[in-house]
Amino acid sequence: MSRNYRKIFITWVFLILLVFQVSPSLAPADDHKKSDRHYKQYKISKEFDDFFGHNRRQEKKEDEGNETTGQSAAWILVLANLTVAFSIFVKAMTHFFPLDSKIKNSMKRFNQLQKKHLMRFHYVLNPIALCIAFFHFLLSFCRSSPLPEWSLILVAIMVSLGLILKFKVSPRGMRKFVYRLHTASATFLIMILLIVVGHQIVD
C-alpha cells in the first residue's frame, strides 16, 4: 500500500469511528441519564459547578458552556493555526490542481515565508489556547456528547507534540515519528472536525 493510500485509509477509519461515536450521542436525553458514563460526566461537571459557585439550577439544564472562555480559546486557536491551515491549502493546491509551474513555485515560496514569520506565534498561542480551553471545560456542563472532551484531549496531544519538537526533548530515534504525527494534515483536520462537530451537537 502506497503512502497516499495509507493516509486515505487512516483518515477514513477515523471518520468512521467518529460517525459511530456521534450516533449514540443523538439519542434521547432519557437514555443518556441511564448511562453510567454520562452519569459520571454529570457528577464531575456538577462538582466543578459547585466549586466555582455556579447556580444549582444549572443541574436541570441539558448543556451549558462558558461562552467567554470558549470564544477566547476558539479565536486564539484560529490565530495560532492560520499558518498551518494555509500550508495545508498550498499543499493541496500544488498537488491536486493543474497549476502553472511558476504559480506553484510562487505559492511554495510564499508558504515558506509565512511559516518563517508566523510559526513563532503558532508555538506560543497554541499552549495559551489549550489552557483557556481547559478552563472552558471546567466551567461548562455537557452530557449530550463526549466529543468536546475528545477534541480537548486531541488538542492537548497536538500541543504537547509541538512543544516536544520545539524543545527537542524526545529521543532522537522518535523525532521523525513525532514530527510526522504532529504535521500530518489528517490529524489536524480530524482535530478541527472533532471540535466543530462536538460543539454543534452540544449547541
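Quick look at the structure, then. The structure displayed is predicted, hence computed values, not measured ones. (Residues numbered from 1 in each chain as written. Predicted model: local features only at pLDDT ≥ 70, side-chain atom pairs only at ≥ 80, totals over all residues. Heavy atoms only, no water.)

### Here we look at the overall build of the chain
- In terms of helices and strands, the chain carries nine helices and zero strands.
- Reading the secondary structure of the chain in the N-to-C direction produces α-α-α-α-α-α-α-α-α.
- Within the span of the chain, comprising 203 residues, buried residues form 31% of the whole.
- For the chain, contacts bridging at least 24 residues in sequence account for 76% of all contacts bridging at least 6.
- When the accessible surface of the chain is split by element, carbon and sulfur atoms take 67% of a total near 13,900 Å². (Helix = DSSP H or I, 4+ residues; strand = E, 2+ residues; numbered from the N terminus. Buried < 20%, exposed > 50% of the residue type's maximum accessible area, 1.4 Å probe, protein only. Contact = heavy atoms within 4.5 Å. Areas by Shrake-Rupley, 256 points an atom, 1.4 Å probe, with all protein chains shown as cover.)

### Topic: the packing of helix 7 (residues 147-167) against helix 8 (residues 175-183)
- Helix 8 packs onto helix 7 with a crossing angle of 135 degrees between their chain directions and a minimal axis gap of 10 Å. On the basis of the axis angle, helix 7 is oblique to helix 8. Where helix 7 crosses over helix 8, the handedness of that crossing is left-handed. Every residue of helix 8 that contacts helix 7 at Met158, Leu161, Gly162, Ile164 and Leu165 is listed here: Arg175, Val178, Tyr179, Leu181 and His182.
- Across the contact of helix 7 with helix 8, the residue classes break down as seven nonpolar, two polar and one charged. (Axes fitted to C-alpha atoms, helices over the stretch in contact; angles between N-to-C directions. Parallel < 35°, antiparallel > 145°, perpendicular 65-115°, else oblique. Left-handed = near helix turned anticlockwise from the far one by under 90°. Nonpolar A, V, L, I, M, F, W, Y, C, P; charged D, E, K, R; others polar.)

### Digging into the packing of aromatic side chains
- Within this structure, the stated rule accounts for three aromatic pairs.
- Ring centres 6.4 Å apart and planes at 40 degrees place the aromatic pair Phe86 and Phe89 in the tilted group. A residue pair is termed a helical-turn pair when its members lie 3 or 4 positions apart in one helix, as Phe86 and Phe89 do in helix 5 (residues 82-96) at three residues.
- Judged by relative accessible area, which is 29%, Phe86 ranks as partly exposed.
- Residue Phe89 is classed as partly exposed on the basis of its relative accessible area of 43%.
- Seen from their ring centres, Phe86 and Phe110 are 5.5 Å apart, and the 75 degrees between their planes marks the pair as edge-to-face. Residue Phe86 is found in helix 5, and its partner Phe110 is found in helix 6 (residues 101-139); the two are separated by 24 residues along the sequence.
- Among the aromatic residues, those joined into a cluster by ring pairs are Phe86, Phe89 and Phe110. (Phe/Tyr/Trp six-rings, centres within 6.5 Å; stacked < 30°, edge-to-face > 60°.)

### Thoughts on the environment of Thr68
- In this structure, Thr68 sits in helix 4 (residues 67-80).
- For the pair Thr68 and Ile132, spaced 64 residues apart in the sequence, the C-alpha separation amounts to 9.7 Å.

### Observations concerning a nonpolar patch on the surface
- Taken together, the side chains of Trp75, Val78, Leu79 and Leu82 present a nonpolar region at the surface, about 440 Å² in accessible area.
- Looking at the element boundaries, Val78 is found in helix 4. (Patch = residues over 30% accessible without salt bridge, like charges linked within 9 Å, V, L, I, M, F, W, Y side chains within 5 Å. Salt bridge = Lys/Arg side-chain N within 4 Å of Asp/Glu carboxyl O.)

### So, unusual backbone geometry
- Here the phi dihedral of Lys168 falls at roughly 55 degrees; this positive angle occurs in a residue that is not glycine.
- Here Lys168 lies in the loop between helix 7 and helix 8.
- Accessibility expressed as a relative area gives 58% for Lys168, which makes it exposed.

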